[in-house]
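# A closer look at the structure
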Amino acid sequence: MTSFIAETAGAVRRLMTRGATVALLASVASTAALAQEGDTVRIGYAVSKSGPNAGGSDMTVTPNYQLWVEEVNAAGGLTLPDGSQKMIEVIEYDDRSSAEEVVRAVERLATQDEVDFILPPWGTGFNLAVAPLMAKFGYPHLAGAAVTDKAPDFVERWDTSFWFMGGSVDYVDALTEILVAQREAGTINDQIAMVSVADGFGIDLVKAARPAFEAAGFEVSYDKTFPPETSDFATILGEAGNAGADTFVAFSYPPHTFALTKQAKVAGFNPPVFYLGVGAAFPVYPGIAGGSVEGVMSLGGIDPNNELTMAYRSKHEEVVGRAPDLWGSILVYASLQMLAQSIERVGLDKAAVANELSTGSFSTVLGEETRLENNQLRAINWIGQWQDGNFVAVSADGGEGKAAVKLPKPGWE
Amino acid sequence: MLEHVVNGLVLGGTYALVAMGLTIQYGIARIMNLSFGDTIIAACFATWLMFTGLALSPILALVVLVPAGYALSLVVYRFIMKPLVDRAPDEGALEVDSILVTFGLLFVIQGVLLTLFGGGYTSYSYLNSPVNVLGTTVAANRLLALALSLAIGAALVVVLFRTRWGMTLRAVALAPQSAPLYGIDTNRAARTAFAIGGALACTGGVVLSMFQTFTATGGVVFTMKALIVVILGGKGSVPGAILAGLLLGLVETFVAAYIDPGLTLAAVYTVFLALLLVRPNGLFGKA
C-alpha cells in the first residue's frame, strides 16, 4: 500500500511537473517580454480551456500557439523589416466554450488590451462568431481550425479573413473519388451506411455527402443522425451492419469516434471501408481503440516522408510533451509561420500583414512554397488512412505526397 | 428483438450504476449533490492514471478508489455539508442550500481536474472484448457495468431492508424529524449515506472510464442523466433507480433501432414527463 501511494504520488508529481513546465515556459516568455516593456509584440487569443470545446482546442489549437510563441521567443522574438526583433507577449482568455464569451474576449483584446494581433479560437462556429469583429478592427483572421464551404463568400465579406481547412465538399469529394475507384475495382458495392452527429460538423458534412454520394451513383441505405450526447452505438452499428453496405461513414466527434471504434471491434463489424470523423486522426487513437486500427479512414493525414512535417511533429512533441493531431495541427502551425514571415516583411501594420498573407509565398512546415488562393489554403490533405501505424494522407492511386489507399480494410485484431 | 433487449439492458445498467449513489445521497442524506457527475469524472481520471501510469487494472482501481471515495465523502460531509445540515431549519432549506454549495463544489473539482489533466479527451481500452449474451455480442466492460449495478443494487436492498443498520437509514429517509425520538443518530446516518453515495460514484467512474471518453468538464452530463433516473425511480429508492435506469436504456435502444437514433433524447424526456404525470413521485416514490 505504501509503495502504491508513493507510486501514485510520483505519477501525480510527474503530471504536475509537466503542467508546470508548460506554465513556466509561458511565464518565462511573458516575463522576458515584460522586461522590455513597450518593446514587445502583443498577441492575444481566446480559446476554450473549459467546456465542451476544450477537448478540440487542447488538441489542435492551444499547443501550437504555445509551441510557436516558445520557438519565436527562443530565437529572440519576431523579426521586423529593419532586422530588429521583438519578443511576443501573450494575452490569453478562456472562452469557456461559449460563443458570447469568445466574442466578448476578442472585443476586449481589440479595444482594451489593444493587442497587435489576435489568433483565432477553435471551431467553425467560433471562428464565424468572431469573424465580423476581426474584420471590423482590421485584424488578419487566420481561421485555422474551421471547416466551411462558405469560405469564398466569407473572403468577400471580410477581406482580412483567411481559411486554412477547406470545406465539407472538399472532404466529401475526396472520399467519393476513392469510393468510386474502389467500386470500379470491385472492392465495394454501391451501398453506403452513414451516420452523423446532430451538431455543427456532422450536419455540415452530411449535407455535403448526401448529394455527392448520390451523384456518384451510390445508394445511402442507412442514413441516421444521433444526438451529441450519445455514448452507446451498439444498436446503430447493428442496424448499419444490417444495411448491406460495404462502406460505413460516420461524421462524428471524438467521443463518438472512440466509442464507434471500440464497439465495432466488439461487434466484429468490419466493413471494407470504415471512415470516421474527428478523433481518428488523434495520435492517441490507436491506444484508445486498443491495438491495431489498420485501414481506418478519416479526415486529414500526413506524409511521413515529408521531412518538414516530421521535424514539426518531433518539435511539437518535445515542447508540448505530446504529438500533434494528424489533421488540423499542422495547418494551424503553418498559419502562424505565415503570420511571422508577413510581419518580418511588412512590419506590424495589420492591413499590410493581411495583404502580404493574401499575396505572398511562404516557407512553412507544409512546404517551401506555401501560398493562399483567394485567401484559402487549398493544398491540404483531405483523407488519411491508418497504414502500418501511421495516419498517412491517401488518394485513390497515390502520388504527390499521398499514399495509395489500401482497401478492403483488414479485420480488427 | 432479443438483441435490442440485451443492448438496452446493458446500456441501462450504466445508467442505474451512476444513479444509485445519487439517489442514496438525495433520499437519505437529503443532499442534492450537483457535483456528483464531477466525482464520477474524478474517479475516471484516477482510474486512467492508475491504468496508464502504473499499469494497474481498473478492477484493482475499484478496490482502491471505492474506499477512497467513501473516505473522501466523509470528509466532504464533515466540513462542507455538516454546517449546512446544522443550520437548515427544514428539509427544503437543506435541499436548496446543498444545491448551492454542491454547485460550487462542482467547479472546484472541475478546476482541479482541468489543472491536473487539461481539457482534452481522455480514454483507454480495457475489457473491450466481445461476450455472447443470448446470441447478442456485447462488450465485456459494459456487461461488467450491468453486473456490478445489479450486484451492488441487490446488496444495498438487502442491507437497507434486512439489517438493523439499513432500517436506521430508512427511518431517517422516511421521517428525519421523528427518527431521533427513537434514539437514532440522524446525523450519523446522513453522513454514512452521503459516503455510500460517494463510494458508488467512484464505482460508476471506474467502470464508465473503461468504455467512455471523458473530459475534465464532462461531469454535468452524468449528473443530468443520474438526476433523471433518480427522479424517475423515486428519490431515495435503490430498486427505483435500477428499474428506471434499465427502463431508460431499453427506451433509448428501441427508439434508436425502430424509430431514429436522433430521437433517443426526445424519447427519454417523453418517458420522463409521461411517467411523472402518472406518478409525480417516481416509480417507487413515497406519496
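Residues numbered from 1 in each chain as written. Chains lettered and ligands numbered in written order. Predicted model: local features only at pLDDT ≥ 70, side-chain atom pairs only at ≥ 80, totals over all residues. Heavy atoms only, no water.

Mapped onto the elements of the fold, Ser125(B) is located in the loop between α4 (91-117) and β1 (130-133). Beyond its immediate chain neighbours, meaning those up to four positions away, Ser125(B) contacts Gly287(A), Ile288(A), Ala289(A), Gly290(A) and Phe51(B). (Helix = DSSP H or I, 4+ residues; strand = E, 2+ residues; numbered from the N terminus. Contact = heavy atoms within 4.5 Å.)

The description of an aromatic ring pair rests on the distance of the ring centres and on the angle between the ring planes. Applying the stated criterion to the full structure yields 27 aromatic pairs over all chains. Three or more aromatic residues joined by ring pairs make a cluster, and in this case those are Phe258(A), Phe282(A), Tyr285(A), Trp386(A), Phe391(A) and Tyr121(B). The ring of Phe79(B) carries Arg78(B) above its face, with NZ or CZ at 5.3 Å from the centroid. Sitting over the ring of Tyr26(B), Lys235(B) keeps its end group 4.8 Å from the ring centre. (Phe/Tyr/Trp six-rings, centres within 6.5 Å; stacked < 30°, edge-to-face > 60°. Lys NZ or Arg CZ within 6 Å of the ring centre and 35° of its normal.)

Here we come to the pattern of salt bridges. All names here are of chain A. Here the structure, examined in full by the defined rule, presents 18 salt bridges over all chains. In this structure, Arg322 and Asp58 form a salt bridge, with 3.3 Å as the shortest nitrogen-oxygen distance. Remark: Asp58 occurs in helix α2 (residues 54-74) and Arg322 occurs in the loop between α11 (307-320) and α12 (329-346); sequence separation between them is 264 residues. One salt bridge connects Glu356 with Arg345, and the closest N-O pair in it is separated by 2.8 Å. One end of the pair, Glu356, is in helix α13 (residues 350-359); the other, Arg345, is in helix α12, and 11 residues separate them in sequence. Accessibility expressed as a relative area gives 15% for Glu356, which makes it buried. Taking the relative accessible area as the measure of exposure, Arg345 reaches 38% and is therefore partly exposed. Through salt bridges with shared partners, a single ionic network connects Arg96, Glu101 and Arg104. (Salt bridge = Lys/Arg side-chain N within 4 Å of Asp/Glu carboxyl O. Buried < 20%, exposed > 50% of the residue type's maximum accessible area, 1.4 Å probe, protein only.)

So, on to the sheet that holds strand β4 (residues 117-119) of chain A. Spatially, four strands are ordered β2-β3-β1-β4 (chain A) in an open sheet, and the strand pairing comes out mixed. Two strands bound the open sheet, and with one partner strand each, they are β2 (78-79) and β4 of chain A. (Pairing = 2+ DSSP bridges.)

Now for the interface of chain A and chain B. Of the residues lining the interface, 41 residues belong to chain A; the matching set on chain B comes to 39 residues. Carbon and sulfur atoms supply 64% of the area that chain A and chain B bury against each other, a total of about 3200 Å² over both sides. Asp260(B) serves as the salt-bridge partner of Lys224(A), at 4.0 Å between the closest nitrogen and oxygen. Elements that contribute at least two residues to the side of chain A that touches chain B include exactly α1 (2-35), α2, β8 (219-226), α8 (234-242), α9 (254-267) and α10 (285-289) of chain A. A total of eight residues in the side of chain A that touches chain B trace back to one element, the largest contributor, which is α9(A). (Buried area = accessible area lost by both parts, 1.4 Å probe.)

On to the environment of Gln263(A). For Gln263(A), the position within the fold is in helix α9. A residue is classified by how much of its surface remains accessible, and Gln263(A), at 9% relative accessible area, is buried. Contact partners of Gln263(A), with chain neighbours within four places excluded, come to Ser231(A), Asp232(A), Phe233(A), Ala234(A), Leu237(A) and Arg142(B).

Attention now goes to the environment of Gln66(A). Here Gln66(A) shows up in helix α2. Taking the C-alpha atoms as reference, Gln66(A) lies 36 Å from Ala264(A); in sequence the two are 198 residues apart.

Residue and element names in this part refer to chain B. Nonpolar side chains collect at one region of the surface, where Met1, Tyr258, Ile259 and Leu263 lie side by side and expose about 450 Å² of accessible area between them. Tracing the backbone through its elements, the reader meets Leu263 in the loop between α9 (238-259) and α10 (264-278). Given the relative accessible area of 40%, Leu263 is considered partly exposed. (Patch = residues over 30% accessible without salt bridge, like charges linked within 9 Å, V, L, I, M, F, W, Y side chains within 5 Å. Areas by Shrake-Rupley, 256 points an atom, 1.4 Å probe, with all protein chains shown as cover.)

Let's shift gears to unusual backbone geometry. Residues Leu407(A) and Pro408(A) are joined by a peptide bond in cis, for which omega reads 0 degrees. Tracing the sequence through the fold places Pro408(A) in the segment after β16 (403-404). Of note in the backbone geometry, Glu400(A) takes a positive phi value of approximately 55 degrees without being a glycine. In this structure, Glu400(A) sits in the loop between β15 (390-395) and β16. Of note in the backbone geometry, Arg30(B) takes a positive phi value of approximately 60 degrees without being a glycine. With respect to the helices, strands and loops of the structure, Arg30(B) is situated in the loop between α1 (2-27) and α2 (36-53).

Residue position: Pro255(A) is located in helix α9. Classification of Pro255(A) by relative accessible area gives partly exposed; the value is 26%. In this structure, the C-alpha to C-alpha distance between Pro255(A) and Thr230(A), residues 25 residues apart in sequence, is 8.9 Å. Excluding anything up to four places from it in sequence, Pro255(A) contacts Tyr121(B) and Thr213(B).

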